[in-house]
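Residues per chain are reported as follows:
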Amino acid sequence: FSQSLAEAAHKSQDLVYELSDRFGLPFSNHPLAEGMDFKPLGIGLLLAARRLATGLLLVIVYLGFILASRRTFADKLQRLFKTPDSRSHAERVFQRVRHGAESYIGLQAFKGALLALVFWAVMRVTSLDNALFLAFLVFLASFVPIIGPAAAVILPVMLCVAQFDLGWRALLMGVALEASVIASDSVLLPRLQGERLDVDPVVVLVTLGFWNAIFGITGALFSTLLTVVVIAIVSEVPRLHWLAVVLSKRADAVPD
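Okay, so let's go over this structure. Predicted, not measured: the structure shown is a model, and the values here were computed from it.

## A few points about the overall build of the protein chain
- For the protein chain, the count of helices and strands is 13 helices and 0 strands.
- Reading the protein chain from its N end, one meets helices and strands in the order α-α-α-α-α-α-α-α-α-α-α-α-α.
- The buried share of the protein chain, reckoned over its 256 residues, is 36%.
- Counting contacts in the protein chain only where the partners sit at least 6 residues apart, residues at least 24 apart contribute 67% of the total.
- Just so you have it, the protein chain exposes about 15100 Å², and 68% of that area is on carbon and sulfur atoms.

Have a look at this one:
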């Protein structure tokens, strides 16, 4: 697969020069073009895919330990919160966090599986190599909100150009994949999501960069999930109630 990426980077560079000459653009004759090399781009994409898979693997390992400690959580809750009122308050927070986490993970996994299936079918129709592995990368990328699915289109199209040159296969793949991403993010997912995740769309984009800066690719994968957890917690703290209102999509959904 890494060899295919290297070939795709070299092919993309030749394609840029060819299009520049065909349409009379001054790019190929520009001094900066002589030292331009697209191979680092392919290496960067490969490293990003490896970080994505490694981050998800670590999350799965952590999740296994969390599930293993779930048996004793009820006893810990009894010991941590002595009075019925404080225990009821803590249970309400934990239930909101659990509901938000389960809803987000379920919806994103469904969207990722659906996109991976569509991508795999399109890549099989166009006879692209490594279709199954690329579909798996699409499934992982779908957990990154907004940017992930859109960026997942670039890699298959670039590999298709490297394998078959710029023709009907690359055009068909680009249009079909981009249409499936737009349909899932703009039509399907909002209908399924509804009001289950009360997060402002602008906040989703801003927190993507925030959690990525803190936790890296793992933070980008679960940025919306972490934001849902933050809203659930700060909405129960009177002094931080304003933050829950700012982060939420509907202010009336945050309990006073």
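## Digging into a nonpolar patch on the surface
- Judged by side-chain polarity, Leu57, Leu58, Val61, Tyr62 and Phe65 come together as a nonpolar surface patch covering roughly 550 Å² of accessible area.
- Note that phenylalanine 65 resides in helix α3 (residues 39-68).
- A relative accessible area of 62% means that phenylalanine 65 is categorised as exposed.

## A closer look at the packing of helix α5 (residues 84-125) against helix α12 (residues 223-234)
- Contact geometry for α5 and α12: axes closest at 9 Å, N-to-C directions at 160°. Judged on the interaxial angle alone, α12 and α5 are roughly antiparallel. Here α5 and α12 pass one another in a crossing that is right-handed. When α5 is examined against α12, the residues Val93, Arg96, Val97, Gly100, Ala101, Tyr104 and Ile105 are found in contact with a partner set consisting of Thr224, Leu225, Val228, Val229, Ile231, Ala232 and Ile233.
- Within the contact of α5 with α12, the residues separate by chemical class into 11 nonpolar, 2 polar and 1 charged.

## Some thoughts on the layout of surface pockets
- Here the largest pocket defines a volume of roughly 1400 Å³.
- Leu63, Ile66, Leu67, Val97 and Ala101 are, among the 33 residues lining the largest pocket, the residues nearest its centre.
- Breaking the lining of the largest pocket down by element, the ones donating at least two residues are α3, α4 (73-80), α5, α11 (217-221) and α12.
- Among the elements that line the lining of the largest pocket, the one with the most residues is α5, at 10 residues.
- Looking at the lining of the largest pocket, its residues break down into 24 nonpolar, 4 polar and 5 charged.

## Comments concerning unusual backbone geometry
- Located in the positive-phi region is serine 127, a residue other than glycine, with phi close to 60°.
- Along the chain, serine 127 turns up in the loop between α5 and α6 (131-141).
- Of note in the backbone geometry, asparagine 130 takes a positive phi value of approximately 60° without being a glycine.
- Within the secondary structure, asparagine 130 is located in the loop between α5 and α6.

## Section: the environment of isoleucine 105
- One can find isoleucine 105 in helix α5.
- A relative accessible area of 31% places isoleucine 105 in the partly exposed class.
- Residues isoleucine 105 and threonine 224 lie 119 residues apart in sequence; the distance between their C-alpha atoms is 9.8 Å.
- The residues contacting isoleucine 105, other than those within four sequence positions of it, are Phe143, Phe222 and Leu225.

## Observations regarding the nonpolar core
- One finds Phe119, Met123, Leu128, Leu134, Leu155, Met173 and Leu177 to be the most contacted residues of the largest nonpolar core, which totals 23 residues.
- Mapped onto this core, the elements with two or more residues apiece are α5, α6, α8 (154-164) and α9 (168-193).
- No other element matches α6, which puts 6 residues into this core.
- If sequence neighbours within four positions are ignored, methionine 173 has contacts with Val122, Met123, Thr126, Leu128, Pro156, Val157 and Cys160.

## Examining the packing of aromatic side chains
- In total, this model carries 2 aromatic pairs according to the counting rule given.
- Ring plane angle 75° and centroid distance 5.0 Å describe the contact between phenylalanine 210 and tryptophan 211, whose orientation is recorded as edge-to-face.
- Ring centres of tryptophan 211 and phenylalanine 215 lie 5.9 Å apart, and the angle between their planes is 10°; on these two criteria the pair is classed as stacked. Note that tryptophan 211 and phenylalanine 215 are positioned in helix α10 (residues 201-215) at a spacing of 4 residues, about one turn of the helix.
- In this structure tryptophan 211 comes out as buried when scored by relative accessible area, which is 12%.

## Observations concerning the packing of α5 against α6
- In the contact formed by α5 and α6, the axes pass within 8 Å of each other and the chain directions differ by 155°. One finds that α5 runs roughly antiparallel with respect to α6. For the crossing formed where α5 meets α6, the hand is right-handed. Facing Ala109, Gly112, Ala113, Leu115, Ala116, Phe119, Trp120, Met123 and Arg124 of α5, the residues of α6 in contact are Ala131, Leu132, Leu134, Ala135, Val138 and Phe139.

Conventions and cut-offs
Residues numbered from 1 in each chain as written. Predicted model: local features only at pLDDT ≥ 70, side-chain atom pairs only at ≥ 80, totals over all residues. Heavy atoms only, no water. Helix = DSSP H or I, 4+ residues; strand = E, 2+ residues; numbered from the N terminus. Buried < 20%, exposed > 50% of the residue type's maximum accessible area, 1.4 Å probe, protein only. Contact = heavy atoms within 4.5 Å. Areas by Shrake-Rupley, 256 points an atom, 1.4 Å probe, with all protein chains shown as cover. Patch = residues over 30% accessible without salt bridge, like charges linked within 9 Å, V, L, I, M, F, W, Y side chains within 5 Å. Salt bridge = Lys/Arg side-chain N within 4 Å of Asp/Glu carboxyl O. Axes fitted to C-alpha atoms, helices over the stretch in contact; angles between N-to-C directions. Parallel < 35°, antiparallel > 145°, perpendicular 65-115°, else oblique. Left-handed = near helix turned anticlockwise from the far one by under 90°. Nonpolar A, V, L, I, M, F, W, Y, C, P; charged D, E, K, R; others polar. 1 Å grid on protein atoms, 1.4 Å probe; cavity = no way out; pocket = protein on both sides within 12 Å on 5 of 7 lines; lining within 4 Å. Points joined across faces, edges and corners; volume = space filled by probe spheres on them. Core = buried A, V, L, I, M, F, W, Y, C linked by side-chain atoms within 4.5 Å. Phe/Tyr/Trp six-rings, centres within 6.5 Å; stacked < 30°, edge-to-face > 60°.

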